[in-house]
Amino acid sequence: MSSTSSNEMNQYASEFPTGNFVEAVRTSCRSFVEQSSVKVSQKGIENFLNKLDKLQYEELSDDVTIRMPLKFETVNDELNFIAIIDLLNFGSGYRVPLHELAGRGAFDTIRFGAMSFHIGGKPLDAATFKNSTIFDIAEIFQIPIDREVKHEKLDFVTISEPTALKPFAAGLTAVLNTTGEYLQAHNYKDLAQFIMEHVKENPQNATSLTEHLIKAFPGLNDSYLFPDQNEPVFLYKKAQIIVYHLWYTFKEQLPELFDFKDIDSLTVFSDNIIPTMLAHLGIIEVPEAWQQDINNNIDLSVQAATTLRAAGVIACEDIVKAARGGAGPVNNMTTGSLDVYLWRLGKVGDYRKIPRFQLRDTVMF
């Protein structure tokens, strides 16, 4: 986040919640949205559930995107692989230049980089993370960070200038560096050791692992405090999705550790796709001025983006509550399955063409 302004940095909340971190996401988002110009439509929720295709929901709510055609020698190798994908699961604001310059979107770029680490035999450990440079990351993730352009006045002379993706590569580097620094300072070889030691002492506990991750790594502290707000708002998208994917991957392989009994207590993993889909489906009402910026691929403010993400959290809470109360055909709906359904639905057919809001200057989504 090398281009982050001091004003934007001040909008990150420095304090952790008191009590349950996941519950703090739920309560702070509801309070934050209630004070905003964004509305959640209960009529929209009712219409969505009444029209929901149960078979399509069951297909798209299975999170197959985290399953890769790779072989892992050990559980720790696979655990490291999943954790690094979700730790670096941001860059949604760079969707347009990524497709233009790298030929793939943000999530596919992160998966490609993680697979490059794995296939290339480069260890996903603290030392690698701490010592990675922007040039290493540009090469591994295949992100063009500089390009040659003609000199304005001198014929046959070219000069190097940064591409629009250089800040994205800088963000990836910064998150890896700070993660590696923490791991080394606390004598952990890698993320797998950090996670495994905790779940062995706190087995089958999603909330505990979520808090453990957030407290350790700056790249997961997805929380904000704005000048006109008295209380911070917490989102913790990446920390929760790490926990969800570990449950999804290892709940049968290592149930005594990863079959989290409180997995359904997690909120949705609100990025830019979830609110975009909810707005398109008539569940979230977006202010017209924000919608114009979204349609024109103009970055929203940090506060506007945070408001939409928070609205995604509470809208999905209300959808799940209504579904479990008997509305619609999926009465066993969970926040995790709803998140995956909406995220994957956003990749289907014409849904891909819906303009998504963007915020480039963040490493949180």
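Note that the structure is a prediction, hence the values are computed from the model and not measured.

A. Representation of the overall build of the protein chain within the structure. Across its full length, the protein chain carries 18 helices and six strands. Its C-alpha atoms give the protein chain a radius of gyration of 20 Å, within 12% of the compact-globule value 21 Å for 365 residues. Seen along its three principal axes, the alpha-carbon backbone of the protein chain occupies a region of about 70 × 50 × 40 Å. Relative to its full complement of 365 residues, the protein chain shows a buried share of 55%. Taking all contacts inside the protein chain whose residues are at least 6 apart in sequence as the whole, residues at least 24 apart take part in 77%. Total accessible area on the protein chain is roughly 16200 Å²; 49% of this is exposed by carbon and sulfur atoms. Counting 33 positive and 47 negative side-chain charges, the protein chain places the centres of these two groups 4 Å from one another.

B. How the structure looks around the side chain of T173. Here T173 is to be found in helix 10 (residues 166-185). Assessed through its relative accessible area of 7%, T173 is described here as buried. Apart from the residues lying within four places of it in its own chain, the contact partners of T173 are S132, T133, I134 and I137.

C. Here's a closer look at the layout of surface pockets. One number sums up the size of the largest pocket: a volume of about 340 Å³. Lining the largest pocket we find 20 residues, and of these A106, F107, W343, K347 and R356 sit closest to its centre. Breaking the lining of the largest pocket down by element, the ones donating at least two residues are helix 6 (95-101) and helix 7 (106-119). It is helix 7 that provides the largest number of residues to the lining of the largest pocket, a total of four residues.

D. Spatial organisation of the environment of T207. Along the polypeptide, T207 turns up in helix 12 (residues 206-216). Judged by relative accessible area, which is 9%, T207 ranks as buried. Placed 72 residues apart in sequence, T207 and A279 show a C-alpha to C-alpha distance of 29 Å. For T207, the contacting residues outside a window of four places in its chain are N20, V22, D262 and S265.

E. Examining empty space enclosed by the protein more closely. A full pass over the atoms with the stated rule returns three cavities of 30 Å³ or more. Here the largest cavity is characterised by a volume of approximately 140 Å³. As for the largest cavity, its lining consists of 14 residues, of which D63, I241, H245, D339 and W343 are closest to the centre. Mapped onto the lining of the largest cavity, the elements with two or more residues apiece are helix 13 (237-250) and helix 18 (335-345). A total of four residues in the lining of the largest cavity trace back to one element, the largest contributor, which is helix 18. Considering only residue class, the lining of the largest cavity consists of six nonpolar, three polar and five charged.

Analysis parameters
Residues numbered from 1 in each chain as written. Predicted model: local features only at pLDDT ≥ 70, side-chain atom pairs only at ≥ 80, totals over all residues. Heavy atoms only, no water. Helix = DSSP H or I, 4+ residues; strand = E, 2+ residues; numbered from the N terminus. Rg over C-alpha atoms; globule rule 2.2 N^0.38 Å. Buried < 20%, exposed > 50% of the residue type's maximum accessible area, 1.4 Å probe, protein only. Contact = heavy atoms within 4.5 Å. Areas by Shrake-Rupley, 256 points an atom, 1.4 Å probe, with all protein chains shown as cover. Lys, Arg positive; Asp, Glu negative; His and termini not counted. Charge placed at Lys NZ, Arg CZ, Asp CG, Glu CD. 1 Å grid on protein atoms, 1.4 Å probe; cavity = no way out; pocket = protein on both sides within 12 Å on 5 of 7 lines; lining within 4 Å. Points joined across faces, edges and corners; volume = space filled by probe spheres on them. Nonpolar A, V, L, I, M, F, W, Y, C, P; charged D, E, K, R; others polar.

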